[in-house]
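Chain and residue survey
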Amino acid sequence: MDYWSRGGRTSTGNGTLLCSHHHHVIHKEDWRIRVRNGVPWFVPPAHLDPKREPRRNHYFRC
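Below: a short report on this structure. (Residues numbered from 1 in each chain as written. Predicted model: local features only at pLDDT ≥ 70, side-chain atom pairs only at ≥ 80, totals over all residues. Heavy atoms only, no water.)

**Some details on the pairing of strand 1 (residues 32-36)**
On a regular strand, each side chain points to the face opposite its neighbour's, so the side chains alternate between the two faces of the sheet. For clarity, the threshold we go by: For two strands to be treated as a pair, DSSP must find at least two bridges joining them. Secondary structure elements follow DSSP: runs of H or I no shorter than four residues count as helices, runs of E no shorter than two count as strands, and numbering proceeds from the N terminus.
Relative to strand 2 (residues 39-43), strand 1 is paired through five bridges, and the arrangement is antiparallel. Paired with Ile33 across the bridge in strand 2 is Phe42. Here strand 1 folds back onto strand 2 in antiparallel fashion, the turn holding two residues, of which Asn37 has a positive phi close to 50°.

Here it is in structure tokens:
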């Protein structure tokens, strides 16, 4: 996903829903979001996961 603040498009295909708290955590802690087949995967910052392995929310399945 290309953040709007970094030149990304404003569209539903380039976004995901987050609550306000997690929206700010994503930016403040340098998380990345990758969308695969319409499903957001969250890449943690290196200080939480040195391998930066993508993870997703498995509570809500698509």
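**Things to note about the environment of Leu48**
The condition is simple: Under the scheme applied here, a residue whose accessible area is under 20% of the maximum for its type counts as buried, over 50% as exposed, and between as partly exposed, the area being computed with a 1.4 Å probe on protein chains only. By definition in these notes, contact holds between two residues if any of their heavy atoms fall within 4.5 Å.
Here Leu48 shows up in the segment after strand 2. Leu48 sits in the partly exposed class, given a relative accessible area of 48%. Residues Leu48 and Glu29, spaced 19 residues apart in sequence, show a C-alpha to C-alpha distance of 9.6 Å. With sequence-adjacent residues up to four places away left out, Leu48 is seen in contact with Glu29 and Trp31.

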